[in-house]
Amino acid sequence: MTLNSSSGRAAESGAGRRRPRDVVAAVLHAAAADPDVALMVTELDEENPEPIIRWSNLGTTVLLGLARSDLDGEPLSAFVTTPDGESVTTLYRRERPTTTSVTVRTAVGEAVACRMSAVPAPDGNLWTLQIQPAQTDLELALRASADAHERRFKVLAERSPVPTMMSEQGMRLGHVNDALCALLGVPADKLIGTGWMSYAHCEDLELITDTVVAVLSGQEREMQARFVDSHRRVRHTDVRFTPLHTPGLGDGFVATLEDVTERRAFEEQLNHQATHDSLTGLPRRARLWDHITEAMKEPDADLTCMFLDLDNFKFVNDSLGHKAGDALLVEVAHRLTGAVRPGDLVARFGGDEFVVVCGTGSLDAALEVADRILRVLSDPVVLDGVEIRPRASIGVVLRGPDHHSADDLIRDCDIAMYQAKSSGKGRLMVLDEDARSAAQDTLALVSDLRRALGAGQITLNYQPIMSYGGESPQLVSVEALARWHHPDRGPVPAETFVRLAEEHGMVRELGEVVLDLACAAMAEWQHLLGPLAPPHVNVNLSALHMNDPTLVQTVKRTLRRFGLQPGQICLEITESALMKDPDTASMILGQLRDHGVRVAIDDFGTGYSSLAYLRRLPVHYLKVDRSFVAELQDGHIAVAQAVISLAHSLELGVVAEGVETTSQMQMLEEMGCSLLQGYGISRPLKSPDFVDWCRAGYPAAFASVP
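What you see as residue numbers is a count from 1 along each chain, following the sequence as written. Only residues with pLDDT of at least 70 get local features here, since the model is predicted, and only at 80 or more are side-chain atom pairs given and counted; chain-wide, interface and lining totals rely on the full set of residues. Only hydrogens and water are set aside; all other atoms, that is, all heavy atoms of the structure, feed into the side-chain values.

A side chain with one charge can pair with a side chain of the opposite charge if their charged atoms come near. A pairing counts as a salt bridge when a side-chain nitrogen of Lys or Arg comes within 4 Å of a carboxyl oxygen of Asp or Glu. All told, the structure shown has 28 salt bridges when counted by the stated rule. Glu222 serves as the salt-bridge partner of Arg240, at 3.9 Å between the closest nitrogen and oxygen. Of this pair, Arg240 sits in strand E10 (residues 234-246) while Glu222 sits in strand E9 (residues 221-228), placing them 18 residues apart in sequence. As a salt-bridge pair, Glu503 and Arg499 come within 3.5 Å of each other at their nearest N and O atoms. Placement of the pair is Glu503 and Arg499 together in helix H15 (residues 494-503), with a separation of 4 residues, close to one helical turn. The buried label goes to any residue with under 20% of its type's maximum accessible area, the exposed label to any with over 50%, and the partly exposed label to all in between, with areas taken from a 1.4 Å probe on protein chains only. A relative accessible area of 38% places Arg499 in the partly exposed class. One salt-bridge network, in which partners are shared between bridges, spans Glu222, Asp238, Arg240, Glu258, Arg263 and Glu267. In DSSP terms, a helix is any run of H or I states spanning at least four residues, a strand is any run of E spanning at least two, and both are numbered starting from the N terminus.

Turning to the sheet that holds strand E6 (residues 126-133), a few remarks are in order. When DSSP finds two or more bridges between a pair of strands, those strands are recorded as paired. One open sheet holds the 6 strands; their spatial order is E2-E1-E6-E5-E4-E3, and the pairing between them is antiparallel. Lying at the two open borders of the sheet, with one neighbouring strand each, are strand E2 (48-56) and strand E3 (80-81).

To continue, consider unusual backbone geometry. Positive phi, normally seen in glycine, also occurs at Asn312, with a value near 60 degrees. Looking at the secondary structure, you find Asn312 in the loop between strand E12 (304-310) and helix H10 (313-320). When its relative accessible area of 43% is taken as the criterion, Asn312 is described as partly exposed. Phi is positive for Glu651, which is not a glycine, with a value near 60 degrees. Along the chain, the position of Glu651 falls in the loop between helix H22 (638-649) and strand E26 (653-656).

Another aspect to go through is the pairing of E2. Across 5 bridges, strand E1 (residues 38-45) lies against E2 in antiparallel orientation. Paired with Asp45 across the two strands is Asn48, which belongs to E2.

Following the sequence through the fold, Thr60 ends up in helix H2 (residues 58-64). Separated by 21 residues in the primary sequence, Thr60 and Leu39 place their C-alpha atoms 6.1 Å from one another. By definition in these notes, contact holds between two residues if any of their heavy atoms fall within 4.5 Å. Those residues in contact with Thr60 that sit more than four places away from it in its chain are Val37, Ala38, Leu39, Met40, Gly65 and Leu71. Counted as a polar contact is a pair of N or O atoms within 3.5 Å, where, for protein atoms, one must be capable of donating a hydrogen and the other of accepting one, and residues adjacent in sequence contribute only when both atoms are in side chains. Here the side chain of Thr60 touches Leu39 through a polar contact of 2.8 Å, landing on its backbone oxygen.

Once that is clear, we can look at the packing of aromatic side chains. Pairing of aromatic rings covers Phe, Tyr and Trp, the last counted by its six-membered ring, and requires centre-to-centre distances within 6.5 Å; plane angles under 30 degrees mean stacked, over 60 mean edge-to-face, and any other angle means tilted. Counted by the stated rule, this structure contains 10 aromatic pairs. Measuring from ring centre to ring centre gives 5.4 Å for Phe241 and Phe253, while their planes differ by 75 degrees; the resulting arrangement is edge-to-face. Placement of Phe241 in strand E10 and of Phe253 in strand E11 (residues 250-259) is noted, with a sequence separation of 12 residues between them. The pair Phe241 / Phe253 is uniform in exposure class, with both members buried. Arranged with centres 6.1 Å apart and planes meeting at 85 degrees, the rings of Trp484 and Phe497 form a pair that is edge-to-face. One end of the pair, Trp484, is in strand E20 (residues 474-486); the other, Phe497, is in helix H15, and 13 residues separate them in sequence. Here the two residues Trp484 and Phe497 agree in accessibility, since each one is buried. Ring pairing ties together the aromatic residues Tyr462, Trp525, Phe690, Trp693 and Tyr698, which thus form one cluster. Seen from the ring of Phe349, Arg285 lies directly overhead, with NZ or CZ sitting 3.9 Å from the centre. Cation placement over rings: the criterion is NZ of Lys or CZ of Arg within 6 Å of the ring centroid and within 35° of the ring normal.

As structure tokens, this is what we get:
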């Protein structure tokens, strides 16, 4: 029993060892000998673009009418195609078992409708094909109908202009259309299966994968994704995924792609044009603000700002023309960009102003960059044959605890730049705290002045101009002097707020306020004083008024509103203001004179005007500057005498300003000047006090100094 049992176990063990080979041999024999089922093993690798037949069974010989030796090494496409006559190679790209309708052509040319199943081997190169002819007329009809539906879908999908891809299972594609192939510039067989993922942009691959996983779970998704075509060009797409369940295969998806590359490029171009200067290509203010704001999000981030203004740029525009000026700005932008470090920003702030933002908190490093900019800019540049050496004033500010926004930083480096300009131009200046405080105080005063103009806080005082050439003094005119009493600061000097009005675009508004008040006072004095009222009122003009084309109409309109005659107004303009643009000044003053308005040149003798221009200017009076009147008591009479003599030779009236003593009055009368104005006659008076002064008989207030 023991021997028999042992022998039985040994025989059984031997049979077990033989069983795999026997089973495989039995299966292969059965498959090879089966005449009813056609079996083939095909190979597809990189060297063979078409599947090659490597083995076939008896059923294949029966179906095709060819010996196995005639099939070995032949391409599968010579015998098996899709019902449309196309290659079945795309089935191999799916990398999974697939069943589909095919057409088999026999040795005698007969086309046989069949069903083919393809199963990949584990190594991925060998595929086993099982081909079975359709059996019944009903099956053939149903298969023909299904094939017709599939062909219609295929034609619809492949001819659609919308790039489309379809997965029947997971990430592997089973179908792509012509539009997708055209988008990526590759044939369909390179996209079928998982090949399509090699064309996804590497930075978007993870996002695409996560999106597809969500779609496979039944969700519809949309996303923006980049793909790289066969020419290595990035294509921007909007992708819409819809889940797709295929019975017997699993969950997949249908995805449509919209190529938005050109739209994105156009949007980026528009955005660039909106944020960058069209002349220099540099970022504009909005981009500058965004850059600084982003940098300041880090509380401890190092940041330095430099404000740069070209010196004497207006001279280039005026002498060589705006085309040359634009060429200089482009060259400066190029030099600035080359002078800074990678990561630094150069922006055009406006006109001939630029801003450089550096990621440094070291003063030495910032000054090194600023000094390099000055040296680079100073290299000569030839414009219209003229060699120019550009210079610039640079204000430098390091980010500090008081800088909470881009506005704070830009404001301070602008202040530093003006410090550099006032120190002689062509240099750099680090922000001085005293200057920043003064600038902030000035800005507050400018804001207060703007409110004061609208709130009626600007008032006038009036200083008489008297004639002492007759038996009794005569009131010839009165000069209107603007005054501003600040609610908190008290009286603000006229030279201060007039300068601020000129620098900050309020001079026209200030001029209109003064003209209105002066004309209103004249109308009131005529009613209150009758013959004692002054025949004229003098109103001062700013140099900027000489470039104001609306000045003449403003004067006419104001006179009409208060019922005054043009001759009751005398407009005063300083000699230095006239000499800035004497031709334009002559034209505007000529229009005023033609209307009947009187004109006087104030502070005469300080502006170095030409006699040729003076003869052409349509003026009625010259006013001798108070500095020359003050010198009379020291024996310096030459300048005052020259001005008075000049006025007489040109048949102009002459008024001496700043008269304070009787001796000055006597000397001026001896020189032939009888029209006097100054504290010796009367201090500037408020309107009610001026009315009382007139009613009192114009009492003079001369000092007792002989």
